[in-house]
2 protein chains.
Amino acid sequence: MPGQWQALLAGAPGTALQALDLLASRRRLQPGATVFRRGQAARGLLAVLDGQVGLGLVREDQGQTLERTLRGPQWLDLASAWLDEVHQQDAWCITEADVLELPMAPLRACLQERPELAEGLMRQLARQLRELGGITHELMHMDAEKRLAAWLLRRAAGLSSMALGERKRDIAAQLAIAPETLSRLMRQLKIKGLIDVQGYTVRLLAPDQLRLLAQG
Amino acid sequence: MPGQWQALLAGAPGTALQALDLLASRRRLQPGATVFRRGQAARGLLAVLDGQVGLGLVREDQGQTLERTLRGPQWLDLASAWLDEVHQQDAWCITEADVLELPMAPLRACLQERPELAEGLMRQLARQLRELGGITHELMHMDAEKRLAAWLLRRAAGLSSMALGERKRDIAAQLAIAPETLSRLMRQLKIKGLIDVQGYTVRLLAPDQLRLLAQG
DNA sequence: CGAACCCTTGATACGCTTCAACAAGAGTGG
DNA sequence: CCACTCTTGTTGAAGCGTATCAAGGGTTCG
């Protein structure tokens, strides 16, 4: 799957990616299946090749508290394995998903021989660091409406219309607001004429004003 | 400064650290001095060797909005330079500080020759990733009182008494609460008998109950 | 001494959550 | 086919948590 490796490690030479491909193991998981659990030792770097995986906490007595959703191809947990520690979150499949695991021991050996791979990995760590930094910034300084506006803009990625691929309560969870609040905010943005919502289809009617709302 | 390098890149061999030492440049900065600005290109990896540096946003019209404070030895921005992008926050000295910069170009060359260094760096990126993940988790799911309890426990690091080395408003900023709220929360914890506060000295009277409060 | 900080305390306002009720669609079994 | 249940999203009313505004006291420094 060269395309997926390219997405996971942009810029790395093809021969190095092939070497990695030999080390990796793949699992095809059904919706709801556990990818890993909090407290479980991290044996390698994990990525979603295809599908959608949720990161957060699963409580036995009740449903799960989602913190982030990752859609493939995307790295899942790049930190725990490097530190030889345990995962700090639960991860479970939201849709059917292809999950890749790169065991640390052979990976370390491979990196000794191919230093150019290390830079690609470093870049990915940096990307996640930057992403998380943005999230903390939003949580610290922006209210729910601003966070939603920012989320809509990011999610639309320039397009004026999009289909929400996940449950609205999952969107709310990622924004750290109650589902009821999300519903109300959507209605308010609709009344203001900034967006149009029809079920799971959202059209951005005034992206510039949305951007203004998110920044100011 | 071998001790400081050890703290920044634990586990790396001494000869490699010496090689890095030759590449690095140092600056001694006064309180209030800017380390870098938002939007400025990142030329290298930055670290605080000694002193205290604030990360956040500086507004020209008003004071700064602090998001995190870092006390040396600690890496400052490990992400931007790897991505060849600009810094996303402002950084300024809170106390007098020694700041170290490791320019990317020679660093890349050095990593090609010494792959063992790359792993040390990767570990540091992973540590920061894990730290930020913890912060977002707290911001998403814990109220102010719980965040404060968790902060006190982390800060005390096992000791039962400590001196707050920073202004209380800076502590409040890191917890994403108003200074007034921090003052009230401190008083409430004091009334509950969990801590004792005398100006800038805090004693943890009941760490176990604090831990319970932070987790439950 | 006043000026400039800082922290504290009180009163009030607002954002968001929680609880409860209801509507709409999907799946199930009689 | 309908009745039943389960899940999801929506809406309203009430309440909690935290911010904001305003005022006062304690330090430090010129």
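Everything below is about the structure printed above this text.
Details of the protein's contact with DNA strand D
Taken together, 16 residues sit near DNA strand D, with Arg167(A), Lys168(A), Tyr200(A), Ala144(B) and Thr181(B) positioned nearest. Atoms of DNA strand D within 4 Å of the protein belong to the sugar or the phosphate in 69% of instances, the rest to bases. A distance of 3.0 Å is found between a phosphate oxygen of DNA strand D and a side-chain nitrogen or oxygen belonging to Arg187(A). Within the contact set of DNA strand D, a phosphate oxygen lies 2.6 Å away from a side-chain nitrogen or oxygen of Tyr200(A). Elements with a contribution of two residues or more to the surface near DNA strand D: helix H6 (168-174) and helix H7 (179-191) of chain A together with helix H7 (179-191) of chain B. Among the elements that line the surface near DNA strand D, the one with the most residues is H7(A), at four residues. Grouping the amino acids of the surface near DNA strand D by side-chain chemistry returns five nonpolar, two polar and nine charged.

Remarks on the side chain of Arg130(B)
Residue placement: Arg130(B) occurs in helix H4 (residues 115-141). Looking at Arg130(B), its side chain comes within polar contact range of the main-chain oxygen of Val86(A), at 3.0 Å. Setting aside residues up to four positions removed in sequence, Arg130(B) forms contacts with Ser80(A), Leu83(A), Glu85(A), Val86(A) and Gln88(A).

Describing the packing of helix H5 (residues 144-156) of chain A against helix H8 (residues 207-215) of chain A
Residues and elements named next belong to chain A. H8 packs onto H5 with a crossing angle of 135° between their chain directions and a minimal axis gap of 8 Å. Judged by the angle between their axes, H5 and H8 are oblique. In terms of crossing hand, the pair formed by H5 and H8 is left-handed. Seen from H5, the contacting residues are Glu145, Lys146, Ala149, Ala150 and Leu153; seen from H8, they are Pro207, Leu210, Arg211, Leu213 and Ala214.

Scoring rules and cut-offs
- Residues numbered from 1 in each chain as written.
- Chains lettered and ligands numbered in written order.
- Predicted model: local features only at pLDDT ≥ 70, side-chain atom pairs only at ≥ 80, totals over all residues.
- Heavy atoms only, no water.
- Near = heavy atom within 4 Å.
- Polar contact = N/O pair within 3.5 Å; in protein donor to acceptor, adjacent residues only side chain to side chain.
- Helix = DSSP H or I, 4+ residues; strand = E, 2+ residues; numbered from the N terminus.
- Nonpolar A, V, L, I, M, F, W, Y, C, P; charged D, E, K, R; others polar.
- Contact = heavy atoms within 4.5 Å.
- Axes fitted to C-alpha atoms, helices over the stretch in contact; angles between N-to-C directions.
- Parallel < 35°, antiparallel > 145°, perpendicular 65-115°, else oblique.
- Left-handed = near helix turned anticlockwise from the far one by under 90°.

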